[in-house]
Amino acid sequence: MIRYWFHSVLLIVLALWGQDFLAQSKLHVTDDSGEPLIGVFVQTGELKKTLIKVSDQEGNILFTESDGFSYPLSIELFYLGMETVNLSVEKGGEKTVLLLPSTSTLSQVVVTGEYSVSNPEKAVSRVDIITAEEIANIGAADIADILQHKADIRIQQDGLIGTGISIQGLNDRDVKVLINEVPMVGRVDGKLDLSQLDVTDIERIEIVKGPMAASYGSDAIAGVINIITKKPVGGSSAASLRGYYSSEGEYDTQVRAETSTSRYSLVARAGRRFFDGWSSGDPVFKDPKPIADERRSRQWNPKETLQGGLSQSWNKGTFQITHRFDLLTDKLKDRGVPIYTLNGPIALDQEFSTRRIDNSIDFKHGKSERIKFRGYVAYNDFLRIRDEFVTDLSNLLRVNPEQDGVDSTTYQSLSGRYTAAFEAKEKWDMQLGVDGSMERSSGDRIAGDPDMKAGAFFASAEWNPYAWMTVKPSVRWGYNSLFTLQPAPSIALRIRKDAISYRLSYGRGFRAPDFKELFLAFFDSNHNVFGNTELTPEQSNNYAASASYSKSSARHRIKWEAALFLNDLKDRIELVQVGGSQTGPAPFTYLNVDEVRSQGLRLDGEYEWRNFRYHLGYGLTGFQQSDQGVEIIPLNYFGQWNASLSYSEPESKVNVEMYASRTGIRKILIVEEEQTRSFEQEAYTMLDFSMGRRFFENRIDLRIGARNILDVKSINAAGTGTHEGSSASSLLATGRNYFLSCTYTLSKKKAHVE
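Residues numbered from 1 in each chain as written. Predicted model: local features only at pLDDT ≥ 70, side-chain atom pairs only at ≥ 80, totals over all residues. Heavy atoms only, no water.

1. Side note on the packing of aromatic side chains
Line of reasoning, step 1. Taken as a whole and judged by the stated rule, the model has 19 aromatic pairs.
Line of reasoning, step 2. Look at Tyr245 and Tyr251: their rings are 5.4 Å apart centre to centre, the planes differ by 50°, and that puts the pair in the tilted class.
Line of reasoning, step 3. Judged by relative accessible area, Tyr251 falls into the partly exposed class, the value being 30%.
Line of reasoning, step 4. Ring centres of Phe612 and Tyr647 lie 4.7 Å apart, and the angle between their planes is 45°; this geometry places the pair in the tilted category. In this pair, Phe612 is assigned in strand β35 (residues 612-627) and Tyr647 in strand β36 (residues 630-649), connecting sequence segments 35 residues apart.
Line of reasoning, step 5. Since its relative accessible area comes to 29%, Phe612 is described here as partly exposed.
Line of reasoning, step 6. A relative accessible area of 26% places Tyr647 in the partly exposed class.
Line of reasoning, step 7. Put simply, the rings of Tyr607, Trp609, Phe612, Tyr614 and Tyr647 touch in pairs and so form one group of aromatic residues.
Line of reasoning, step 8. When the ring centre of Trp468 is taken as reference, the NZ or CZ atom of Lys497 above it lies at 4.4 Å.
Line of reasoning, step 9. For the cation-ring pair, Arg666 lies above Phe638, with the distance from its terminal atom to the ring centre recorded as 4.5 Å. (Phe/Tyr/Trp six-rings, centres within 6.5 Å; stacked < 30°, edge-to-face > 60°. Buried < 20%, exposed > 50% of the residue type's maximum accessible area, 1.4 Å probe, protein only. Helix = DSSP H or I, 4+ residues; strand = E, 2+ residues; numbered from the N terminus. Lys NZ or Arg CZ within 6 Å of the ring centre and 35° of its normal.)

Below, the structure is given as structure tokens:
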């Protein structure tokens, strides 16, 4: 009897369990590489989300009869960094669900210095990435707004030259700027005016700090900034119009139209940027009417930029070719103060006009996934004209217009590059490449019509002896028609253990003398400056080490990084006095005389929780300079804090951004007539805020914000020691200003893709 009841109960339990087993539903959740995702949140509810399940160690989610759910069950799968997926679960069903990276993380890939598109966590070099979404959320008007608060970077703005950049304590001429890996040309006094770039056309910015000479040649001593432009989405058409206004006197308009099929795409873009000039006495909201008194001379000069471009791409199979054409004209007005004469008020004015033409063809092809080829051919034409004239302030007409200008400088460059990347063996990847250029410059202050020819062969390999280790040696052998180039080797090591990555690297860099340093001829009553054709390239050695930790879960992501760097630069080219004169100005020329060292550390932490993202970083940079073995700037350090807070609400399509950076006290030493004047430059803090919302199915993106909230306009420097009581000041930024940005976009997905 007991055995009968025991078997009966057992059969009932097994029947109920079997019914529950047969009725269970199963989801298997993976990423795009097929790896299971652990900790995916399963939520229900329309307005208020209720957590009901979490994926297990194998990425599985089980729904059983005992859960008490009604089927079909509508659920939402949520995982930080992935697109949210909504689906319906049927009773007794089983399926695999693929979660793709969200639009905010799609741009987190790297091409700079890599053989192909790569994840930044897997890249051998440390790469900082700024995505299109970050740029849009900042409400950026130019590149300075984007880079202002980035680690180890200092923005340098000049009223006549434009926006320059410093990385790890080294200046503009040591930073190589690429647009889709094509070098940007047209330096003025060693600076590239990055404010001329159209920020609405930027897909992402990749910043690699430290020498990249083995891959990119000259000028890449401090690092490389690679600006990747936007590409159309296949099988769609879109048009956008953006208007931007800032209370400092900025009025911008950009328009873009694109269309594409599976094989062909076409993009046209145009824009106008107008800055009305600014001085410290200006009200917050200015009257744009022209003025003819002392206020016409501005601390920040008026500037108008017109730009347009066309790009088209065609692909078939593994072959893709892209043509890009850009045209830019820029006019900056340096207005003098009024001079009152018997015939009325006049002023001595200057205009600086720039024309930039960039034309490139980029191509990619490959026989298989194991062998990939890429190259480009580019032609760049740069013209800058300085014009001086007298303006009659009674009618604002020129008294003595000069059609050809006072002086001009032209620069033409024809360059090309071709690389082959292939998987040699299971644990080996290799890249071989060649590049070359022909450059020519001429102008009123350039002796003759000099030209320069350069070429190089470079090679690198990635060796993976273990799954957690990558070693990358590289070397470059170069030729230059004007001087001898030394080989530029580098080696990098990356070790990844669980969530921690370690990186060590050494690299040799160089900077070739430019046309101004080689062939300048500037002689007048106040100047006696000439170039030096005997100059040799500057040489640098860089050592870097870093450790980073990154871990993600369904609702959290944490990342921290610690880094050390040392740059030792020899044969620095500087302008020095080489004699005296009793009948005119003393002669100056360029010589290889200086040795510069920059060194420092960087600590960064980032945390994401729900819709919030926090970042806090601190850097300490030291700088030392010697002249022919004599120390003229002792090693001194300055600190830099960077912080940001971001909030985004997907349902209401609202995002809020707050950025802050503080640069600490810096010691500046100025050598004049064999005397060293010591100054301490005061610390300053920059604070920016922006808020945006998207309307009408993301067709309208409206943003408002404030820049330089603390109203920092200039930096003061006080004399120290024997020079106590003396002072100096330099302009830093326009004052506090408010901006409004509105972008209207129309897009259409084509029904049939050819």
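2. Quick notes on a nonpolar patch on the surface
Line of reasoning, step 1. Where nonpolar side chains cluster on the molecular surface, the patch consists of Tyr264, Trp314, Phe319, Ile321 and Ile361 and spans about 400 Å² of accessible area.
Line of reasoning, step 2. Within the secondary structure layout, Ile321 lies in strand β19 (residues 319-334).
Line of reasoning, step 3. The class for Ile321 is partly exposed, based on a relative accessible area of 31%. (Patch = residues over 30% accessible without salt bridge, like charges linked within 9 Å, V, L, I, M, F, W, Y side chains within 5 Å. Areas by Shrake-Rupley, 256 points an atom, 1.4 Å probe, with all protein chains shown as cover. Salt bridge = Lys/Arg side-chain N within 4 Å of Asp/Glu carboxyl O.)

3. Notes on the sheet that holds strand β14 (residues 223-229)
Strands in a sheet are paired, the pairing made by backbone hydrogen bonds, and the direction either parallel or antiparallel.
Line of reasoning, step 1. Here five strands make up an open sheet; going across it, the order is β8-β13-β14-β11-β12 and the pairing mixed. Across the chains shown, the open sheet's two edge strands, defined by having one partner strand only, are β8 (127-131) and β12 (182-183). (Pairing = 2+ DSSP bridges.)

4. Here we look at the environment of Asp198
Line of reasoning, step 1. You can see Asp198 is positioned in the loop between β12 and β13 (202-209).
Line of reasoning, step 2. It is 9.7 Å that separates the C-alpha atoms of Asp198 and Thr229, two residues lying 31 residues apart in sequence.
Line of reasoning, step 3. In this structure, Asp198 is in contact with Gln254 and Gln307, ignoring residues within four places of it in sequence.
Line of reasoning, step 4. For Asp198, the side chain forms a polar contact with the side chain of Thr200, separated by 2.6 Å. (Contact = heavy atoms within 4.5 Å. Polar contact = N/O pair within 3.5 Å; in protein donor to acceptor, adjacent residues only side chain to side chain.)

5. As for the side chain of Ser644
Line of reasoning, step 1. By the element assignment, Ser644 lies in strand β36.
Line of reasoning, step 2. Among the residues examined, Ser644 registers a relative accessible area of 18% and is labelled buried.
Line of reasoning, step 3. Here Ser644 is in contact with Arg613, Tyr614, His615, Met658 and Tyr659, once residues within four sequence places are set aside.

6. Considerations on the sheet that holds strand β1 (residues 25-30)
Line of reasoning, step 1. If you trace the three strands from one edge of the open sheet to the other, you get β4-β1-β7, paired in mixed fashion. The open sheet is flanked by β4 (60-63) and β7 (94-98), the only strands paired with a single partner. Strand after strand, the sheet turns through a mean of 20° between neighbouring axes, direction not considered.
Line of reasoning, step 2. Alignment of β1 against β4, held across four bridges, turns out to be antiparallel. Paired with Ser25 across the bridge in β4 is Phe63. (Axes fitted to C-alpha atoms, helices over the stretch in contact; angles between N-to-C directions.)

7. Observations regarding unusual backbone geometry
Line of reasoning, step 1. Positive phi values are uncommon outside glycine, yet Asp219 reaches one of about 80°.
Line of reasoning, step 2. Take Asp219: it is sitting in the loop between α4 (213-216) and β14.
Line of reasoning, step 3. We classify Asp219 as buried; its relative accessible area is 18%.
Line of reasoning, step 4. Positioned with a positive phi, Asn698 is a non-glycine residue whose angle comes to about 70°.
Line of reasoning, step 5. Relative to the helices and strands, Asn698 resides in the loop between β40 (684-695) and β41 (700-707).

8. What about empty space enclosed by the protein?
Line of reasoning, step 1. Taken as a whole and judged by the stated rule, the model has eight cavities of 30 Å³ or more.
Line of reasoning, step 2. Computed from the structure, the second largest cavity encloses a volume of approximately 460 Å³.
Line of reasoning, step 3. As for the second largest cavity, its lining consists of 31 residues, of which Ser125, Pro211, Met212, Ala492 and Ser505 are closest to the centre.
Line of reasoning, step 4. Among the elements of the structure, β13, α4, β27 (469-480), β28 (488-497), β29 (500-511), β32 (538-552) and β33 (556-577) are those that each provide at least two residues to the lining of the second largest cavity.
Line of reasoning, step 5. For the lining of the second largest cavity, the element with the most residues is β29, which contributes six residues. (1 Å grid on protein atoms, 1.4 Å probe; cavity = no way out; pocket = protein on both sides within 12 Å on 5 of 7 lines; lining within 4 Å. Points joined across faces, edges and corners; volume = space filled by probe spheres on them.)

9. Observations concerning the pattern of salt bridges
Line of reasoning, step 1. A full pass over the atoms with the stated rule returns 47 salt bridges.
Line of reasoning, step 2. In this structure, Glu606 and Arg557 form a salt bridge, with 2.4 Å as the shortest nitrogen-oxygen distance. With Glu606 in strand β34 (residues 588-609) and Arg557 in strand β33, this pair connects stretches of sequence that are 49 residues apart.
Line of reasoning, step 3. Judged by relative accessible area, which is 23%, Glu606 ranks as partly exposed.
Line of reasoning, step 4. For Arg557, a relative accessible area of 19% gives the class buried.
Line of reasoning, step 5. Members of the salt-bridge network, linked through shared partners, are Arg173, Asp174, Arg511, Glu517, Glu538, Arg572 and Glu574.

10. Details of the environment of Asp449
Line of reasoning, step 1. Within the element layout of this structure, Asp449 appears in the loop between β25 (428-443) and β26 (451-466).
Line of reasoning, step 2. On the basis of relative accessibility, which here comes to 53%, the residue Asp449 falls in the exposed class.
Line of reasoning, step 3. If near-sequence neighbours (up to four positions away) are discounted, Asp449 is found in contact with Arg440, Ser441 and Ser442.

11. Considerations on the confidence of the model for the protein
Line of reasoning, step 1. Here the protein shows a mean pLDDT of 83. Residues at 70 or above account for 85%.
Line of reasoning, step 2. Looking across the protein, the model is least confident in helix α1 (residues 2-23), with a mean pLDDT of 47, and most confident in β41, with 95.
Line of reasoning, step 3. With pLDDT under 50 throughout, residues 9-22 is counted as low confidence; its partners more than four residues away or in other chains account for four contacts. (pLDDT = per-residue confidence, 0-100.)

12. Thoughts on the nonpolar core
Line of reasoning, step 1. By size, the foremost hydrophobic cluster in this structure holds 32 residues, and its most contacted members are Ile146, Leu147 and Ile205.
Line of reasoning, step 2. If one sorts the elements of this core by residue count, helix α3 (residues 143-147) sits on top with four residues.
Line of reasoning, step 3. Setting aside residues no more than four positions away along its own chain, Ile205 makes contact with Asp128, Ile129, Ile130, Ile135, Ile143, Ile146, Ile225, Asn226 and Ile227.
Line of reasoning, step 4. Ranked by size, the runner-up nonpolar core spans 21 residues in total, among them Ala213, Ala512, Ile573 and Tyr590. (Core = buried A, V, L, I, M, F, W, Y, C linked by side-chain atoms within 4.5 Å.)

13. A few points about the side chain of Thr663
Line of reasoning, step 1. With respect to the helices and strands, the residue Thr663 is situated in strand β37 (residues 654-663).
Line of reasoning, step 2. Filtering out sequence-adjacent residues up to four positions away, Thr663 remains in contact with Phe638, Gly639, Gln640, Ala683 and Tyr684.

14. Details of the pairing of strand β18 (residues 303-316)
Line of reasoning, step 1. Inspection of the sheet shows strand β17 (residues 264-275) paired to β18 by 12 bridges, in the antiparallel sense. Bridged to Ala270 within β18 is Gly308.
Line of reasoning, step 2. Here β18 runs beside β19; their pairing, made up of 14 bridges, is antiparallel. Bridging across to β19, Leu310 finds its partner in Phe325.

15. As for the environment of Thr84
Line of reasoning, step 1. Mapped onto the elements, Thr84 comes out in the loop between β5 (73-78) and β6 (85-89).
Line of reasoning, step 2. Taking relative accessible area as the criterion, Thr84 reaches 36% and is therefore assigned partly exposed.
Line of reasoning, step 3. Taking the C-alpha atoms as reference points, Thr84 and Leu99, separated by 15 residues in sequence, lie 7.6 Å from one another.
Line of reasoning, step 4. With residues near it in sequence (within four places) discarded, Thr84 still touches Glu76, Leu77 and Phe78.

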